[in-house]
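Now for the letters of each chain:
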Amino acid sequence: MACMKLGSKSEVFHLDGHTWLCSTGLQSDVIIEIGDTYFHLHKFPLLSRSEALAYLIGDHSSENEKKCVLQLHDVPGGAKTFLLIAKFCYGVKMELTTSNVVSLRCAAEYFGMSEDYGEENLIAQTENFLNEVSGGWTDSLKALETCEKVLAQAEELHIVSRCINSLAMKASADPSLFSWPMQGGSDMRNPGGTVFWNGIRTSSAKPHPVGEDWWYEDVSLLRLPLYKRLILAVRSNDMKPERVAGALMYYAKRHLPLLGRESSIESGNFAAPRSTISGISEADQRNLLEELVGLLPDQKGVTPSNFLLRLLRTATMIHASPSCRGNLEKRVGAQLDQASLQDLLIPNTGYSVETLYDIDCVQRILDHFMLVDHDNPTSNYIVDEEQMMEGSHFPTPITTVANLIDSYLAEVAPDVNLKLAKFHSLAAAVPEYARSLDDGIYRAIDIYLKAHPWLTDSEREQLCRLMNCQKFSLEASTHATQNERLPLRVIVQVVFFEQLRLRTSVSGLFYVSENLDNSQNPSGNLALARNDLHTEAGAKHGRIVVDDMKKRVSELEKECLSMKQEIEKMGKTKLGSWNNLFGKFGFSQSKSKPGDPKASKPTDTKESPTSSAPLVNGGEHHNNESVE
């Protein structure tokens, strides 16, 4: 820490209770009262250094010859700073430091201690010291912190702006180009043993690498008004938005206690407490959060989605302004494909709580995403249906968001208070082309139907129109045909499309089998066979594949028969009218026997890829969602 010693005399001031006395052997003729502290001093030392004191003492002496008493309760820095002023006037040794130079500079201006009242007066000396302080990171930061005590006077003297500009310049510069201590403000020696003396490296060792976030922790100690001005200053210096966002994230995590709190259904931590948290009131947290949100860079992808969602969760808990929450929702919506399910589960803390999670908030976020995604000319909305059935994965934002929303719907579906209209609206907001497979939306609908058994047949039909049975995987189709919660029409559709898929696969395998047979060498030409070893090996491999396919086709036929039997059990009273429909679909009325040659025809089933979360087992988050 920089310091400078002033004066030469030994200590002559001593404290008696709340009174400072000067032991010069002369009786004091002026009393200065600051707060509850009294200073018994002498006129001459004060008159010779201070224009303001000379004026005040002169006016008082012309009115009354008695002892002069002055009340100066508005001295910058209070009694502690005035004691240093008095010592300077008496020539007593004192020390200028980064901790007292700002208040002394403001007090010197207050008392008019210019060069007209003595050479090397306090204004000049404190100003020179401040110029030296501004050259170092640690000293500039310390001086800026002390400005908060005398902020009005420091602003008038431009001390605040000088410190902020100095810090902003250093934070925006490449840290590898400078040799001042960076991290913590007090690391004068790096791990390699290099010593710094007055900013000069005294060792030839390589400097310890410093990251771009070296200044985050130091400036996080500033109070919000000064911190906000510093962030605006570094942004004006063309600092990368990622670094600005990183600094704001660090500051938020340090000063917003709720930001780091995990809320869960099990613990019931959904409502923000009305009392203060870690000494910070809810109103202060609300003001801090709203200010930080306004400072975040606008560029898409600069601020991580998980952090934005944590801010949004905190904003709902402390009831931040609607404009602040709307701002966060738009930011999240612009990059919703980068969010995770856990971060999207925002507790419902409204005054009329209906559901555990804030469904309306997620609906607005999704609407913002769809608006941005449609406006993006690079978005690819044309997806070949055959490729989707083959399980091709398109890592586009819309497909990622579709999977995310399906998982979210499955998570909130067990809530008995979740109205059908809200569930349907959120599910329908995702366009059909966005889902390569409908296993996810089927799982969510199944969970919702299980948690809401009172739904009417028409409501179940309405809900099931959200999914496309042709885009079910084999596993989802198998589950659906045994699902008593689904309307019978949906089950019939699933069976029909599965049967159609099976027949298509069998026809394709007949073609593949014939090609493999024709690929054999019918002439028995040994020379040709030697030249076609590679072809023969491929044919052998093909026959193995065909054998496997035969086995799989046999299993599929058995599954289809089982499906039909289940349907007959479910709708004994209604199936009379469905028999003609089954006949049109081409379902066999007789069971296949193990030795039936039709069950062993060479086939080639092209299975749709299974869903990422097995439906039969109930999924990742709910173990009670399997078929009972």
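In the block above lies the structure referred to throughout.
What you see is a predicted model, and the numbers here were worked out from it, not measured in a lab.

Trainee: Mind showing me how you'd approach the overall build of the protein chain here?
Mentor: Counting its regular elements, the protein chain contains 26 helices and 9 strands. Looking at the protein chain as a whole, 46% of its 628 residues are labelled buried. Pairs at least 24 residues apart make up 73% of the contacts formed inside the protein chain by residues separated by at least 6 positions. Looking at the protein chain as shown, the accessible area adds up to about 32100 Å², and 52% of this sits on carbon and sulfur atoms.

Trainee: I'm lost on helix α11 (residues 241-255) in this one. Help?
Mentor: Every α-helical turn comprises 3.6 residues, leaving residues that sit three or four positions apart pointing alike. Between its first and last C-alpha, α11 extends 21 Å over 15 residues, near the 21 Å set by a 1.5 Å rise per residue. Along α11, the residues that are buried comprise Arg-243, Val-244, Ala-245, Gly-246, Ala-247, Leu-248, Met-249, Tyr-251 and Ala-252. Residues of α11 that are buried sit in contact with α8 (159-172), α9 (216-219), α10 (224-236), α12 (282-295) and α13 (305-317).

Trainee: In this structure, what is going on with a negative patch on the surface? I would like to understand it.
Mentor: Where like charges cluster on the molecular surface, the negative patch consists of Glu-51, Glu-115, Asp-116, Glu-119 and Glu-120. Residue placement: Glu-119 occurs in the loop between α4 (101-111) and α5 (122-133).

Trainee: How should I be thinking about the environment of Leu-474 in this particular structure?
Mentor: Relative to the assigned elements, Leu-474 resides in helix α22 (residues 474-481). Note: C-alpha distance between Leu-474 and Asp-439 (35 residues apart in sequence) is 9.8 Å.

Trainee: For this particular structure, what's the right way to read the sheet that holds strand β4 (residues 30-34)?
Mentor: Backbone-to-backbone hydrogen bonds join strands into a sheet, with any given pair of strands oriented parallel or antiparallel. Spatial ordering of the open sheet is given by β2-β3-β5-β4-β6, a layout of 5 strands whose pairing is mixed. Taken across any chain shown, the strands that pair with only one partner, and hence form the sheet edges, are β2 (13-16) and β6 (68-71). Across this sheet, the average inter-strand angle for adjacent strands is 20°, counted without regard to direction. With 4 bridges connecting them, β2 and strand β3 (residues 19-22) associate as antiparallel partners. Among the inter-strand pairings, Asp-16 is bridged to a residue of β3, identified as Thr-19. Sitting on the sheet, helix α3 (residues 78-90) is in contact with β2, β3, β4 and β5 (37-41), with an inclination near 10° to β5.

Trainee: How do you make sense of the side chain of Asp-218 when you look at a structure like this?
Mentor: Residue position: Asp-218 is located in helix α9. The charged side chain of Asp-218 is buried without a salt bridge, its nearest counter-charge being Arg-254 at 7.6 Å. Side-chain polar atoms of Asp-218 contact the side chain of Trp-137, separated by 3.0 Å.

Trainee: What should I look at first to understand the pairing of β4 in this one?
Mentor: A regular strand places its side chains so that they alternate between the two faces of the sheet. Within β4, 5 of the 5 residues are buried, leaving the element largely enclosed by the surrounding structure. Neither face of β4 is exposed, since Val-30, Ile-32 and Ile-34 on one face and Ile-31 and Glu-33 on the opposite face are all buried. Note that β4 and β5 share 5 bridges and pair antiparallel. Along β5, the bridge assignment pairs Val-30 with Leu-41. If you look at the hairpin formed by β4 and β5, you'll find 2 residues sitting between the two strands, and Gly-35 has a positive phi there, around 65°. As paired elements, β4 and β6 share 4 bridges and run parallel to each other.

Trainee: Would you mind going over the state of the cysteines with me for this structure?
Mentor: By definition, a disulfide links two cysteine residues through a covalent bond between their sulfur atoms. Summed over the entire model, instances satisfying the criterion amount to 0 disulfides. Looking at Cys-147, it has no disulfide partner, and the nearest cysteine sulfur is the one in Cys-163, 4.9 Å off.

Trainee: Just to check I follow, could you spell out the packing of aromatic side chains for this structure?
Mentor: Note on aromatic pairs: each is described by the distance of the centres and the angle between the planes. Counted by the stated rule, this structure contains 9 aromatic pairs. Between Tyr-227 and Tyr-251, the ring centres sit 3.9 Å apart and the planes meet at 15°, which makes this aromatic pair stacked. One end of the pair, Tyr-227, is in helix α10; the other, Tyr-251, is in helix α11, and 24 residues separate them in sequence. On the basis of relative accessible area, Tyr-227 is assigned to the buried category, the value being 0%. Taken together through their ring pairs, the aromatic side chains of Phe-39, Phe-82, Tyr-110 and Phe-111 make up a single cluster.

Trainee: How should the environment of Leu-420 be read in this particular structure?
Mentor: Relative to the helices and strands, Leu-420 is located in helix α19 (residues 420-428). Classification of Leu-420 as buried rests on a relative accessible area of 14%. Between the C-alpha atom of Leu-420 and that of His-452, which follows or precedes it by 32 residues, the distance is 9.2 Å. Other than its neighbours up to four places away in sequence, Leu-420 contacts Tyr-448, Glu-459, Gln-462 and Leu-463.

Trainee: Mind showing me how you'd approach unusual backbone geometry here?
Mentor: With the exception of glycine, most residues fall at negative phi, and the peptide bonds are largely trans. A positive phi angle, close to 50°, is found at Glu-120, a residue other than glycine. Since its relative accessible area comes to 56%, Glu-120 is described here as exposed. Within the chain, Asp-238 stands out as a residue other than glycine whose phi angle is a positive 60°. When you line up the elements, Asp-238 lands in the loop between α10 and α11.

Trainee: Before we go on, may I ask you to explain α19 in this structure?
Mentor: Turning to α19, its buried residues number three or more, namely Leu-420, Phe-423, Leu-426 and Ala-427. For α19, the angular spread of the buried residues around the axis is 140°, confining them to a single face.

Trainee: Which parts of the structure should I look at to understand the side chain of Thr-37?
Mentor: Residue placement: Thr-37 occurs in strand β5. Beyond its immediate sequence surroundings of up to four residues, Thr-37 is in contact with His-18, Trp-20, Ile-32 and Ala-79.

Trainee: What should I look at first to understand the pattern of salt bridges in this one?
Mentor: Oppositely charged side chains can pair when the atoms bearing their charge come close. Within the structure shown, the criterion is met by 14 salt bridges. Arg-229 is the salt-bridge partner of Glu-155, the closest N and O atoms lying 2.3 Å from each other. Taken together, the residues span a long stretch of sequence, with Glu-155 in helix α7 (residues 151-156) and Arg-229 in helix α10 at a distance of 74 residues. Residue Glu-155 is classed as partly exposed on the basis of its relative accessible area, which comes to 30%. Take Arg-229: its relative accessible area is 31%, and that puts it in the partly exposed class. Taking the shortest distance from any N to any O, the salt bridge between Glu-282 and Arg-286 comes out at 3.4 Å.

Trainee: How should the nonpolar core be read in this particular structure?
Mentor: Considering soluble globular proteins, one finds that nonpolar side chains tend to be buried as a cluster. Ranked by internal contacts, the top residues of the largest apolar core, which has 147 residues, are Phe-13, Ile-32, Leu-41, Val-102, Trp-215, Leu-336 and Tyr-408. For this core, the leading source of residues is helix α18 (residues 397-412), giving 9 residues. Apart from residues lying up to four places away in sequence, Ile-32 is in contact with Thr-37, Tyr-38, Phe-39, Leu-41, Leu-46, Leu-53, Leu-70, Leu-72 and Phe-82.

Thresholds applied
- Residues numbered from 1 in each chain as written.
- Predicted model: local features only at pLDDT ≥ 70, side-chain atom pairs only at ≥ 80, totals over all residues.
- Heavy atoms only, no water.
- Helix = DSSP H or I, 4+ residues; strand = E, 2+ residues; numbered from the N terminus.
- Buried < 20%, exposed > 50% of the residue type's maximum accessible area, 1.4 Å probe, protein only.
- Contact = heavy atoms within 4.5 Å.
- Areas by Shrake-Rupley, 256 points an atom, 1.4 Å probe, with all protein chains shown as cover.
- Expected span 1.5 Å × (residues − 1).
- Patch = residues over 30% accessible without salt bridge, like charges linked within 9 Å, V, L, I, M, F, W, Y side chains within 5 Å.
- Salt bridge = Lys/Arg side-chain N within 4 Å of Asp/Glu carboxyl O.
- Lys, Arg positive; Asp, Glu negative; His and termini not counted.
- Charge placed at Lys NZ, Arg CZ, Asp CG, Glu CD.
- Pairing = 2+ DSSP bridges.
- Axes fitted to C-alpha atoms, helices over the stretch in contact; angles between N-to-C directions.
- Polar contact = N/O pair within 3.5 Å; in protein donor to acceptor, adjacent residues only side chain to side chain.
- Disulfide = S-S within 2.5 Å.
- Phe/Tyr/Trp six-rings, centres within 6.5 Å; stacked < 30°, edge-to-face > 60°.
- Arc of directions from axis to C-beta.
- Core = buried A, V, L, I, M, F, W, Y, C linked by side-chain atoms within 4.5 Å.

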